[in-house]
Amino acid sequence: MTGAFRTTTGGRIDRARPLSFRFDGRAFTGCAGDTLASALLANGVHLAGRSFKYHRPRGILAAGAEEPNALVGIDRGPGRYAPNLRATQVEIHDGLVAESQNRTPSLRFDIAALADFAAPLIPAGFYYKTFMQPAGWWAKLYEPRIRAAAGLGRAPRGADPDRYTQRYAHCETLVVGAGPAGIAAARAAAARGDRVILCDEQAEPGGSLLAETRARIDGLCAQDWLAAALAELAAEPRVTILPRTTAFGYFAQNFVALAERVTDHLAVPDPNLPRERLWQVRAREVVLATGAIERPLVFPENDRPGIMLADSARTYLARYGVKPGCRALVLAAHDDAYGAALDLAAAGMEIALIVDPRPAADGELPRRAMAAGLPVRMSATVVGTRGRLRVHEAHVGTIGADGGVRGVDVVSCDTLLMSGGWTPSVHLHSQARGKLAFRADLQAFVPGATPQACRSVGACAGEFGLQAALGPATRVEDDPVREGGFAGALPHDRPRARAFVDFQNDVTAKDLTLALREGFRSIEHVKRYTTNGMATDQGKTSNINALAIVAAASGRAIPEVGLTSFRQPYTPVTFGAFAGTSRGELFDPVRTTPIHGWAVAQGAIFEDVGQWKRAHHFPRPGEDMHAAVRRECAAVRARAGIFDASTLGKIEVVGRDAAEFLERLYVNSWKKLEPGRCRYGILLNEAGFVIDDGVIGRLAPDRFHVTTTTGGAARVLSMMEDYVQTEWPDLQIWLTSTTEQWAVIAVQGPKAREILAPLTEGIDLSRDAFAHMAVREGRVAGVPARLFRVSFTGELGFEVNVPAGQGRAVWEAIWEQARRHDAVAYGTETMHVLRAEKGYIIVGQETDGTVVPDDLGLGWAIGKGKRDFVGKRSLSRPDIAAPGRKQLVGLLSADPGHVLDEGAQIVAMRDPPPGTPALGHVTSSYWSATLGRSIALALVADGRARHGQTLFAPMPGGAVPVAVTGPVFHDPEGRSLDG
Amino acid sequence: MLLIACPHCGPRDEAEFVCGGQTHIARPGPPETTSDAQWARYLFERDNPKGLHLERWLHRHGCGQWFNVARDTLTHEVKAVYGLLDTRPDVT
Amino acid sequence: MSAPEPLHPLASVARPGRHGPAGSLTPLHIELPAREIVQVLVRRDRSEDLAAALRRDFALALPGPGRAATGGDGVTAIWIQEGGWYLHASRTGEAALAARVAASCAGLATIDDQSHGRTMLRVSGPRAREILSRGCRLDLHPRAFGPGRATTTMLGHIACLVHQTDETPAYELTVYATLAATFLDWLIETAAEDGVEIG
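Criteria and cut-off values
Residues numbered from 1 in each chain as written. Chains lettered and ligands numbered in written order. Predicted model: local features only at pLDDT ≥ 70, side-chain atom pairs only at ≥ 80, totals over all residues. Helix = DSSP H or I, 4+ residues; strand = E, 2+ residues; numbered from the N terminus. Buried ≥ 20, exposed ≤ 12 C-beta atoms within 10 Å, placed from the backbone. Contact = placed C-beta atoms within 7 Å. Rg over C-alpha atoms; globule rule 2.2 N^0.38 Å. Pairing = 2+ DSSP bridges. Axes fitted to C-alpha atoms, helices over the stretch in contact; angles between N-to-C directions. Right-handed = clockwise from strand over helix to strand, strands pointing away. Core = buried A, V, L, I, M, F, W, Y, C linked by C-beta atoms within 7 Å. Domains from an automatic or database assignment. Nonpolar A, V, L, I, M, F, W, Y, C, P; charged D, E, K, R; others polar. Left-handed = near helix turned anticlockwise from the far one by under 90°. Expected span 1.5 Å × (residues − 1). Arc of directions from axis to C-beta. Parallel < 35°, antiparallel > 145°, perpendicular 65-115°, else oblique.

Draft legend 1. Highlighting the overall build of chain A. For chain A, the count of helices and strands is 24 helices and 51 strands. By principal-axis analysis of the C-alpha atoms, chain A measures approximately 115 × 70 × 55 Å. Within chain A, buried positions represent 53% of all 979 residues. For chain A, contacts bridging at least 24 residues in sequence account for 67% of all contacts bridging at least 6.

Below, the structure is given as structure tokens:
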């Protein structure tokens, strides 16, 4: 036996396959096919959670995704803890471990339930109003305490060991929801040859058909018809059926996100399978068949365990073979509750009373209920309940003609079933930017026009009944019309009683009217003030009741009040599904140069520069970073070093108008640059600010080799394409990114020429034949090379460009020569120090998007007599031409051993009063092995006029005095450039 | 996630593109006859409409070409795709 | 001094053999063909002359947008942009294809050797389409894509030229060389349910 409340026959569970599971440490037995909720109910357990704010005991309200109360944590082992799952959606398997949430120490006795006794003191907006004063208490007292008490469920600890995948899919028709309307839509689409994806959030497709007990379809009972229809769809290769798959987000151009839960329902999953799969579907047409959610009724003390939605109770019986209790009171504002009463009575449950707030109910199902002898009381309502951990009595009163409630009869019951009618699930339609129309007869919103190829069918469109869902071609028998529905709060005469609207967020009808009294008019404001319809619930059971209460209290019609937004996700989605494979090493692509493997073998320490892995320094045994960088710097200045510069962006600019193009783009002059020569180019944006720089070599009259910064390569190429395609389509030029084609090896230092000479063919390396800022083509180490004579260190320097596939071999050949001269391999840190000693800027370090060439002392680079170039007009804008701009200077701290912090602010006095604006800031700061002291570069207001002044860098340990100098610390005459 | 029909490659996912902002903005010139006010307008002033917006897109992870899109900023409907140098399409 | 042979960007990271589960599923087959790749950008108003030159010298009909074509002597052309193609062929020597194409198209097009800048992986197997669909936003279904179709798109986070070469299906995937290693890592992880076989 799998529970005292399990029926002996019926339902879709397998009584021959008992499964054991634990809930809050206690062992239970359920059946294959059970959800955690149905298995608990079968064991007579209704108490499944504590409410969020008041910690009230709560039971299982519903049977599907709309469940607001029974939120549980599932523990599948280390790193595999999932909080806030609805027990109504968790399938049990052997060994499942579940626990309730929001209670200390136990579900039956929760210390925080004291909050419930204090409830009159905790109205809506309590936190906003109470924790205002004194101001200093917030950070020290209020916030830590509130944070400790806040939050729903607990986050898993440790890294998630599971695998998640993603899948992009395209189809002609995506059908969301595999109930009768969805199956009919999928069959029709398949018949016309569409590729169809049919997804459903439940473990098996079928929707309401899985619990249908009366109707016959094409002469079959609903479950037999369903089996045949699904078999037919499954046999169609163009149809993909996805169970356990929630369509949680609907985006532009029919892009719909689905979360498929692949293994959570399995006791021993295949380790090769992902836990979840995120589907991203682009569909020509989307058919929404998402059904409807039964509406709770808002009456005093309507939240006790044992109080359930009527059709959910019927579903537990029909689908899971579970009786929700022994004796039920049914509060029926919709005919469907009579159907539930009939089914439950037939299964042996006692129906104590059917209470209907309507004056009359003459539909088919009410008539059958009365004919079956079920006691019915019209024009009546429930005005209160009793029972701490389970409802045990209901108080029934009569609604008078004036709307007041008179006379109270006590009815004992262990179950209270309620139905306020049905709310179409329009979440996805609304996310698709579809409009909504209010239907007074349903007391609900139904889908209106949508800008996308999307239609709603069946109950989610407000078309109820099997015949409407399945269409005229299918013959449906015994599917009577069901009417009724109620939205808002039922009348009662107990002003202090609490009638809950949003069970998950503990919002009562009184909270909503309080919000109105306090001046909130917009429903969006009421929602935020009261928290109604927020968080994981998104108002599935509460939205319409809240709207109706607000409408009634403010004297407006429901459509005038409007509707709050339905946000993605429909139900919570794990972060793992969103991340997919993008985690750990694959979080972001990693770019490596052709020389990377060599650097790894040498024990280099790497740094991330954008997506690149760059060798930062090459420590020798026993060296820390500082020691390694000092050694590398000294070696380059004294002898030579080689450096992997392959990450530099490279763009080949070719064509008749190549020089004219660069003339218009860069600040410099290019037309008179001779082939075989190079120039340092500066690129501005139209606002006049430096955005990139690099050496550009002219290989031929119509061919330039442009280099960019490492980070700027893609941006500069896009910008070039932009100007070619938009501003200057008349120019005949062609752009090719060659960043990847070339490996670049910088050989820098007084021995650079001697290192390269034995390897170089076809190029005269002598000082006279190959001047600084020249480019030659020849061979290095046997490989065709473009050889630039350039320097970013201030020393004699060459940059060897060779095809990337031969880069490693050429590097190793150069390294062999370099070692003979006691040269070093150096990394990016040494590169930074050496260039700073020379006052060479780095875009993005000395510049921050607000720096013009003159600020950097680079005004000389601007081509004289150029009429226009990108950004030129901005250089004469008043604020850029005005005095007082920050200019690049050098700083020497008074203590030569003190290395300033990069980013430190610079001020004129030692202890400036608060609010004193800074003169500028430190952009680069290093220990210089060459100078034997610290150096820094800074941008300082009127900096060039301050050479010789002492300024201060205020730091936590006291202001650091600094002397302002020129930005070139080493070899200002440039004698070393020629080696 | 928008679906944008690149004029060269056909409908592609938004992830392949970069949006370049409002289109049909002529670069004023030459500099010596462009007033500070004209230049500031060119640099900084852009429309931010609710509804139809004409904007430039680059198919960066595709064919590398820039083109124009007429898009409704409210519904994300792409009303037209047209060449950079084409005139405004007849859409509202 | 003789030039060293080019080193494939995946030479040190692509371990031949089976990776992932050894189940009944057919793994994704990955090969690393050594190809020379040349980018050809046609000069203004010379499209017909370029097409004629390539037809004459390579028995190759230049394909239109979204397509690829292979000529009589094994050179494949893939449309990459308006007026632009990649031509690729088996490596025969140092920049051999670039030299041949430059000679054929002198004055008609701008030629850039990208043999070292791009890396090609050939993937095939009955599950290839399904596996690529885990990272490819394109519709690869035969209704929308098939042999002879080629286009640049994203696979995972990485831009990739995807060319379907046959019905197996087999695809030639061309990525930036410096991203080839991370791309292979992604491909192996993405195919984890099925496994991959390199070689």
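Draft legend 2. Just the overall build of chain C, in detail. If you tally the helices and strands in chain C, you get 4 helices and 12 strands. A globule of 199 residues ought to have a C-alpha radius of gyration of about 16 Å, and chain C, at 17 Å, matches this closely. Looking at chain C as a whole, 50% of its 199 residues are labelled buried. Considering only residue pairs separated by 6 or more positions, chain C has 64% of its internal contacts joining residues 24 or more positions apart.

Draft legend 3. The arrangement of the sheet that holds strand E22 (residues 393–399) of chain A in detail. All names here are of chain A. Pairing is antiparallel across the open sheet formed by 3 strands, whose spatial order is E21-E22-E23. Where the open sheet ends on each side, the last strands, each with one partner, are strand E21 (380–386) and strand E23 (405–412). The mean inter-strand angle of the sheet, taken between neighbouring strand axes irrespective of direction, is 25°. In the sheet, E22 pairs with E23 via 7 bridges, with the strands oriented antiparallel. Across the sheet, the residue bridging to Val396 is Asp409, located in E23.

Draft legend 4. The arrangement of the environment of Arg439(A) in detail. Residue and element names in this part refer to chain A. In this structure, Arg439 sits in strand E26 (residues 436–439). As a C-alpha pair, Arg439 and Gly462 span 23 residues in sequence and 8.6 Å in three-dimensional space. Contact partners of Arg439, with chain neighbours within four places excluded, come to Ala444, Val446 and Gly462.

Draft legend 5. The arrangement of unusual backbone geometry in detail. A cis amide bond links Gly29(B) to the next residue, Pro30(B), at an omega of -10°. Mapped onto the secondary structure, Pro30(B) falls in the loop between strand E3 (18–22) and helix H1 (36–44). A cis geometry characterises the amide bond from Thr168(C) onward to Pro169(C), with omega recorded as 5°. Non-glycine residue Ser379(A) carries a positive phi angle of around 50°. Even without glycine at this site, Thr531(A) takes up a positive phi of about 70°. In this structure, Thr531(A) sits in the loop between helix H13 (523–530) and helix H14 (543–554).

Draft legend 6. Quick look at the pairing of strand E19 (residues 350–356) of chain A. Residue and element names in this part refer to chain A. Most of E19 is tucked away, with 6 of its 7 residues classed as buried. Here strand E18 (residues 327–332) pairs with E19 via 5 bridges, running parallel. Bridge pairing links Arg327 to Glu350 in E19. The pairing of E19 with strand E20 (residues 376–378) spans 3 bridges and is classified as parallel. Of the residues in E20, the one forming a bridge with Asp356 is Met378. Once the chain exits E19 it traverses helix H9 (residues 364–371) before rejoining the sheet at E20, and the crossover so formed is right-handed.

Draft legend 7. Representation of the nonpolar core in the model. In this structure, Val747(A) and Val810(A) are the most contacted members of the largest nonpolar core, which totals 185 residues. Each of domain 1 (25–33 + 117–198) and domain 2 (35–113) of chain C accounts for three or more of the residues forming this core. Not counting the four nearest positions on each side in its chain, Val810(A) is found in contact with Ile745(A), Val780(A), Ala781(A), Val783(A), Val800(A) and Val802(A).

Draft legend 8. The arrangement of the interface of chain C and chain A in detail. With 41 residues of chain C at the interface, the matching set in chain A holds 39 residues. Mapped by element, the contributors of at least two residues to the side of chain C that touches chain A are strand E3 (35–42), strand E7 (109–113) and helix H4 (180–190) of chain C. Top element by residues in the side of chain C that touches chain A is H4(C). It accounts for 6 residues. Here the side of chain C that touches chain A is composed, by residue class, of 16 nonpolar, 15 polar and 10 charged.

Draft legend 9. Local environment of the interface of chain B and chain A. Each side of the interface is counted separately: chain B has 21 residues, and chain A has 23 residues. When residues of the side of chain B that touches chain A are assigned to their parent elements, the largest contribution, 3 residues, is made by H1(B).

Draft legend 10. Layout of the sheet that holds strand E43 (residues 783–789) of chain A. All names here are of chain A. In spatial order, the strands read E41-E42-E43-E44-E40-E34-E45; together these 7 strands make up an open sheet with mixed pairing. Unpaired on one side and paired on the other, strand E41 (760–761) and strand E45 (824–825) mark the two borders of the sheet. Across 7 bridges, the pairing between strand E40 (residues 742–748) and strand E44 (residues 797–803) is antiparallel. Within E44, the position partnered with Trp742 by the bridge is Pro803.

Draft legend 11. Representation of the environment of Arg386(A). Residue and element names in this part refer to chain A. Residue placement: Arg386 occurs in strand E21. We classify Arg386 as partly exposed; it has 13 C-beta atoms within 10 Å. Setting aside chain neighbours within four positions, we find Arg386 in contact with His392 and Glu393.

Draft legend 12. Inspection of the domain arrangement of chain C at higher detail. All names here are of chain C. Segmenting chain C into domains produces domain 1 (25–33 + 117–198) and domain 2 (35–113). Here the C-alpha centre of domain 2 lies 23 Å away from the C-alpha centre of domain 1. Every contact between the two is made by 10 residues of domain 1 and, on the other side, 8 residues of domain 2. Secondary structure elements with two or more residues in the side of domain 1 that touches domain 2: strand E8 (118–124), strand E9 (150–155) and strand E10 (158–166). Per-element accounting of the side of domain 1 that touches domain 2 gives the leading share, 3 residues, to E9. Residue composition of the side of domain 1 that touches domain 2, grouped by class: 4 nonpolar, 4 polar and 2 charged.

Draft legend 13. The arrangement of the environment of Ala394(A) in detail. Residue and element names in this part refer to chain A. With respect to the element layout, Ala394 can be found in strand E22. In sequence terms Ala394 and Ser412 are 18 residues apart; their C-alpha atoms lie 6.2 Å from each other. Ignoring any residue separated from it by four or fewer positions in sequence, one finds Ala394 in contact with Leu329, Val382, Thr385, Val411, Cys413 and Leu416.

Draft legend 14. Layout of the packing of helix H7 (residues 310–320) of chain A against helix H8 (residues 336–346) of chain A. Residues and elements named next belong to chain A. As a packed pair, H7 and H8 sit with axes 8 Å apart at the nearest point and diverge in direction by 30°. The crossing of H7 and H8 is left-handed. Residues Ala310, Asp311, Ala313, Arg314, Leu317 and Ala318 of H7 pack against Asp336, Ala337, Gly339, Ala340, Asp343 and Leu344 of H8. When grouped by side-chain class, the residues that make up the contact of H7 with H8 number 7 nonpolar, 1 polar and 4 charged.

Draft legend 15. Structural view of helix H20 (residues 713–727) of chain A. Residue and element names in this part refer to chain A. An ideal rise of 1.5 Å per residue puts 21 Å on 15 residues; H20 measures up with 21 Å between its terminal C-alpha atoms. Burial in H20 covers these residues: Ala713, Val716, Leu717, Met720 and Val724. Along H20, the residues classed as buried sweep out an arc of 100° about the axis, all on the same side. Buried residues along H20 sit in contact with strand E35 (649–654), helix H19 (658–665), strand E36 (678–684), strand E37 (690–700), strand E38 (703–708) and strand E39 (734–737).

Draft legend 16. Expanded view of helix H6 (residues 222–234) of chain A. Residue and element names in this part refer to chain A. End to end, H6 covers 18 Å across 13 residues, agreeing with the expected 18 Å (1.5 Å per residue, within 8%). Within the sequence span of H6, burial applies to Ala222, Trp225, Leu226, Ala229 and Leu233. One side of H6 carries all its buried residues, which in axial view fall inside an arc of 100°. Looking at the buried side of H6, the elements it contacts are helix H5 (180–191), strand E9 (196–199), strand E10 (216–217), strand E11 (220–221) and strand E12 (239–242).

Draft legend 17. Representation of the packing of helix H18 (residues 625–638) of chain A against helix H23 (residues 828–837) of chain A. Residue and element names in this part refer to chain A. Put simply, H18 and H23 touch, their axes get as near as 9 Å, and they point 55° apart. Our classification of the angle between H18 and H23 gives oblique. Of the two elements, H18 crosses H23, and the hand of that crossing is right-handed. Note on element contacts: H23 touches H18 through Glu829, Thr830, Val833 and Leu834, opposite Val629, Glu632, Cys633 and Val636. Across the contact of H18 with H23, the residue classes break down as 5 nonpolar, 1 polar and 2 charged.

Draft legend 18. A look at the pairing of strand E32 (residues 605–609) of chain A. Residue and element names in this part refer to chain A. Pairing analysis gives 5 bridges linking E32 to strand E33 (residues 612–617), with the strands arranged antiparallel. Within the sheet, the bridge partner assigned to Val609 lies in E33 and is Trp612. Between the end of E32 and the start of E33, which pair antiparallel, lie 2 residues, with Gly610 showing a positive phi angle near 60°.

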